[in-house]
Amino acid sequence: MVGTIDKDMVVDTPKPTAEEGRRFSPVKVYKALLALSIASNLIVGVIIFMWPDTFTSFAGQPEAFPKAWPRHWGMQLWAIDFLYFPGWMDPEQNRWPNWCGIVIRLTFSAFFLIQGDGFTPMGIYDGVSGLLLLITYLPVTRATKI
C-alpha cells in the first residue's frame, strides 16, 4: 500500500500492479504451470538416472549400454530445469529463460516426433507442455511493460 497524506490523515491507496489483485492472474497461472513442468521433468530425470533401462524400454529401445548415456541425459534434464528457475521466480522481468524454455520444449517435441517409435509420447508431452507454457506466458508479457 502506498500512503498519501491529506492534512493530518493518511489514506491508503492500492499500489498498481499487473495482477490487479485477481485470484488467477496471468503470472500466477504461468508460474503454477511452469512449476508443474519443472517438477515433472525433475522426477523423470531421477527415473532416467536411477533406472536407465526403464527409460529405454519405455522408449522401445534396447537396454542401455553403456548406462552412462541415458543417465547423462537424465542429469542434463535436471541442468536445463535449474536454468528455468530465474524465469519461474520473476517471469515478468526474467523473460529470456521463459522464452528459451518454450522454444526448447517445442524443438525437442519436433525432434521426438520425427524419431517416432517410443519417442512419440515424449514428443507429445514436450509439445503440449511447450504450447501450454506459450499460451499462458503471452498474457504475462502483454500485461508487463519493461
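Cut-offs applied
Within each chain, residue numbers correspond to sequence positions counted from 1 in written order. Per-residue local features are limited, in this predicted model, to residues with pLDDT of at least 70; the limit for side-chain atom pairs, both in listing and counting, is 80 or more; totals at the level of whole chains, interfaces and linings are taken over all residues. Here the side-chain values reflect all heavy atoms present in the structure, with hydrogen atoms and water set aside. Each salt bridge in this description consists of a side-chain nitrogen of Lys or Arg and a carboxyl oxygen of Asp or Glu lying within 4 Å of one another. Each helix is a run of DSSP H or I of at least 4 residues and each strand a run of E of at least 2, with the numbering of both proceeding from the N terminus. The classification of residues rests on relative accessible area computed with a 1.4 Å probe and restricted to protein chains. Under 20% of the type maximum is buried, over 50% is exposed, and intermediate values are partly exposed. Within 6.5 Å between ring centres, the rings of Phe, Tyr and Trp (the latter by its six-membered ring) count as paired, and their orientation is classed by plane angle as stacked under 30 degrees, edge-to-face over 60, tilted in between. Consider the ring centre and the ring normal. A charge sits over the ring if Lys NZ or Arg CZ is within 6 Å of that centre and within 35 degrees of that normal. Expected span of a helix, by definition, is 1.5 Å for each gap between consecutive residues, and there is one gap fewer than residues. Any pair of residues with heavy atoms lying within 4.5 Å of one another is described as a contacting pair. Method remark: on a 1 Å grid restricted to protein atoms, a set of points is classed as a cavity if a 1.4 Å probe fits but cannot get out and as a pocket if it is open with protein on both sides within 12 Å along at least five of seven lines; lining residues have an atom within 4 Å of a point. Grid points are joined across faces, edges and corners, and a volume is the space filled by probe spheres set on the points. Any residue outside Ala, Val, Leu, Ile, Met, Phe, Trp, Tyr, Cys, Pro, Asp, Glu, Lys and Arg is labelled polar, Gly included; the first ten of those are nonpolar and the last four are charged.

Glancing now at the pattern of salt bridges. When their charged atoms lie close together, side chains carrying opposite charge are able to pair. For the structure on display, the rule yields two salt bridges. With a closest N to O distance of 2.7 Å, K67 and D53 form a salt bridge. With K67 in the loop between helix 2 (52-58) and helix 3 (68-83) and D53 in helix 2, the pair connects residues that are 14 residues apart, well separated along the chain. On the basis of relative accessibility, which here comes to 25%, the residue D53 falls in the partly exposed class. One salt bridge in this structure joins K67 and E63, with 3.9 Å as the shortest N-O distance.

Another aspect to go through is the packing of aromatic side chains. Considering all chains together, one arrives at nine aromatic pairs under this definition. With centroids separated by 5.1 Å and ring planes inclined at 75°, the aromatic side chains of W99 and Y137 adopt a geometry described as edge-to-face. Linking W99 in helix 5 (residues 95-115) with Y137 in helix 6 (residues 120-143), this pair joins segments that are 38 residues apart in sequence. Residue class for W99 comes out partly exposed when judged on its relative accessible area of 30%. Ring geometry for F112 and F119: centres 6.0 Å apart, planes at 5°, overall stacked. Of the two residues examined, F112 and F119, each falls in the buried class. Each member of the aromatic cluster is reached from another via a ring pair, and the members are F55, W73, F108, F111, F112 and F119. Over the ring of W88 we find K31, and its NZ or CZ is 4.9 Å from the ring centre.

With that settled, consider helix 6. When the terminal C-alpha atoms of helix 6 are compared, their 35 Å separation across 24 residues agrees well with the 34 Å that a helix rising 1.5 Å per residue should span. If you check which residues of helix 6 are buried, you get M122, G123, D126, G127, S129, G130, L133, T136, Y137, V140 and T141. Summarising the contacts, the buried residues of helix 6 are in contact with helix 1 (26-50), helix 2, helix 3 and helix 5.

This part is about unusual backbone geometry. Cis peptide bonds are those with omega within 30 degrees of zero, and the linkage from F65 to P66 qualifies with -10°. On the secondary structure map, P66 appears in the loop between helix 2 and helix 3. With a phi angle near 50°, D117 is a residue other than glycine that sits in the positive phi range.

Note on placement: A59 falls in the loop between helix 2 and helix 3. In this structure A59 comes out as buried when scored by relative accessible area, which is 1%. Each C-alpha atom of the pair A59 and D117 lies 7.1 Å from the other, and the pair is 58 residues apart in sequence.

As a volume, the largest pocket reaches approximately 480 Å³. Along its surface, the largest pocket is lined by 21 residues, and N41, V44, W73, L77 and M122 are the ones closest to its centre. Elements represented by at least two residues in the lining of the largest pocket include exactly helix 1, helix 2, helix 3, helix 5 and helix 6. Looking at the lining of the largest pocket, the element that brings in the most residues is helix 3, giving five residues. Here the lining of the largest pocket is built from residues that sort into 15 nonpolar, three polar and three charged. The dominant element in the lining of the second largest pocket, judged by the number of residues it contributes, is helix 5, at three residues.

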